[in-house]
Amino acid sequence: MRVDFNRDELGAPRVVDRSTFQAELDALRLREKAHTREGDAIAAARRRLPMVAVDAATPLIGERGRVTLLDVFEGRRMLVAYYFMWLTGRPAPEQCEGCTFYTSQVRELSFIHSRDVTYATFCQGPYEESLRYRNFMGWETPWYSALDSLDTLLVGRRVGMMHIVCYLRQGSNVFETYWTTRRGVEVMDNSYRLLDLTVYGRQERWEDSPAGWPKWPKGEHSYRIKGRPIPQWPRLEAGYSDDLGTGRR
């Protein structure tokens, strides 16, 4: 059973006076600052990676029909593409819960644009079908189908997995500068970052937490509630249709 925070007895930290609390927090802050500095150092190393050429004419399908990878930059110098997993012909409840979770958190792009970067979703399924899912979810970020070009764009990687890939444009030439997958895509997320600050954390079963701390129920996917990806429920409650034209609901 899922934990009822209003009724169930949960473990909690020991109660101390303010000075003791602050002293332990100050000690933890040293580790937090070291973690931040190491993250800065890793980012500096990432900026110094070599790059590899990618065919700028690689085709994708977007709202204007067939376009090229170069077109997706929208004239900006850099591009961040999220490769959305897709189960062709499946109804909305069966689509990828992880991709739904992360994509739902990418909203305001003006700050990214101010740094000469375009963000776009490259769905690994057909355009029209996946676009209906994008519209059901209320996402406004640029959406393309990369279905026919995955072997080129994801060469050497597993097609059908979530990926973030970064590109640089120099004139009409395109280069890949970085990519990541699995927990690397957490850079899109703010929910886990905020939960990490709370006493009960993410409540994932793999987390190192004291005895008595709540955990997501064994056998249930932590990105799903009642059989659906969690971000779908607010859309249904608002009256949006999840019919993807598959003949199934």
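Residues numbered from 1 in each chain as written. Predicted model: local features only at pLDDT ≥ 70, side-chain atom pairs only at ≥ 80, totals over all residues. Heavy atoms only, no water.

S.K.: Run through the side chain of histidine 163, naming residues and quoting values.
M.R.: Here histidine 163 lies in strand E7 (residues 163–170). Of note is the side chain of histidine 163, whose polar atom sits 2.9 Å from the backbone oxygen of arginine 158. Here histidine 163 is in contact with Ala81, Tyr82, Tyr83, Leu154, Arg157, Arg158, Trp179, Thr180, Thr181 and Val185, once residues within four sequence places are set aside. (Helix = DSSP H or I, 4+ residues; strand = E, 2+ residues; numbered from the N terminus. Polar contact = N/O pair within 3.5 Å; in protein donor to acceptor, adjacent residues only side chain to side chain. Contact = heavy atoms within 4.5 Å.)

S.K.: Summarise unusual backbone geometry; cite the residues concerned and give the values.
M.R.: Even without being glycine, aspartate 116 reaches a positive phi, approximately 70°. Position of aspartate 116 among the secondary structure elements: in the loop between helix H4 (110–114) and strand E5 (117–123). Exposure remark for aspartate 116: the relative accessible area of 28% places this residue in the partly exposed category. Even without glycine at this site, arginine 182 takes up a positive phi of about 50°. Relative to the helices and strands, arginine 182 is located in the loop between strand E8 (173–181) and helix H7 (191–195). (Buried < 20%, exposed > 50% of the residue type's maximum accessible area, 1.4 Å probe, protein only.)

S.K.: If you had to explain the environment of threonine 177 to someone new, which residues and values would you point to?
M.R.: Position of threonine 177 relative to the elements: it lies in strand E8. Remark: the alpha-carbon pair of threonine 177 and arginine 66, spanning 111 residues in sequence, is separated by 24 Å. Once residues lying within four places of it in the same chain are set aside, the contact partners of threonine 177 are Leu49, Pro50, Met51, Cys166, Tyr167 and Leu168.

S.K.: So what's going on with the nonpolar core? Which residues, and what values?
M.R.: Side chains of a nonpolar character, in soluble globular proteins, are inclined to be buried together. Core analysis: the largest hydrophobic core is formed by 27 residues, its most contacted members being Tyr82, Phe84, Tyr102, Tyr133, Trp143 and Met188. Only strand E4 (78–84), helix H3 (97–103), E5, helix H5 (127–137) and E7 provide two or more residues apiece to this core. Top contributing element to this core by residue count: H5, with 5 residues. Ignoring sequence-local partners within four residues, the contact set of tyrosine 133 consists of Phe84, Trp86, Ala92, Gln95, Thr100, Trp139, Pro229, Gln232 and Leu244. With 20 residues, the next largest nonpolar core counts Phe73, Ala120, Val165 and Tyr167 among its residues. (Core = buried A, V, L, I, M, F, W, Y, C linked by side-chain atoms within 4.5 Å.)

S.K.: Pulling in residues and values, what's your account of the packing of aromatic side chains?
M.R.: According to the stated counting rule, one finds 17 aromatic pairs in the structure shown. With 4.8 Å between their ring centres and 65° between their planes, phenylalanine 101 and tyrosine 102 make a pair best called edge-to-face. Among the residues examined, phenylalanine 101 registers a relative accessible area of 14% and is labelled buried. Classification of tyrosine 102 by relative accessible area gives buried; the value is 2%. Seen in terms of ring centroids, tyrosine 102 and tyrosine 223 are 6.1 Å apart; in terms of plane orientation they differ by 85°. Their pairing is edge-to-face. Taken together, the residues span a long stretch of sequence, with tyrosine 102 in helix H3 and tyrosine 223 in the loop between H7 and strand E9 (224–225) at a distance of 121 residues. Across this residue pair, the class does not change: tyrosine 102 and tyrosine 223 are buried. Aromatic ring contacts, followed pair by pair, group Tyr82, Phe84, Trp86, Tyr133, Phe136, Trp139 and Trp143 into a single cluster. Against the face of tryptophan 179 rests arginine 157, its NZ or CZ located 5.0 Å from the ring centre. Positioned above the aromatic ring of tryptophan 233, the side-chain terminus of lysine 226 is 4.8 Å from the ring centre. (Phe/Tyr/Trp six-rings, centres within 6.5 Å; stacked < 30°, edge-to-face > 60°. Lys NZ or Arg CZ within 6 Å of the ring centre and 35° of its normal.)

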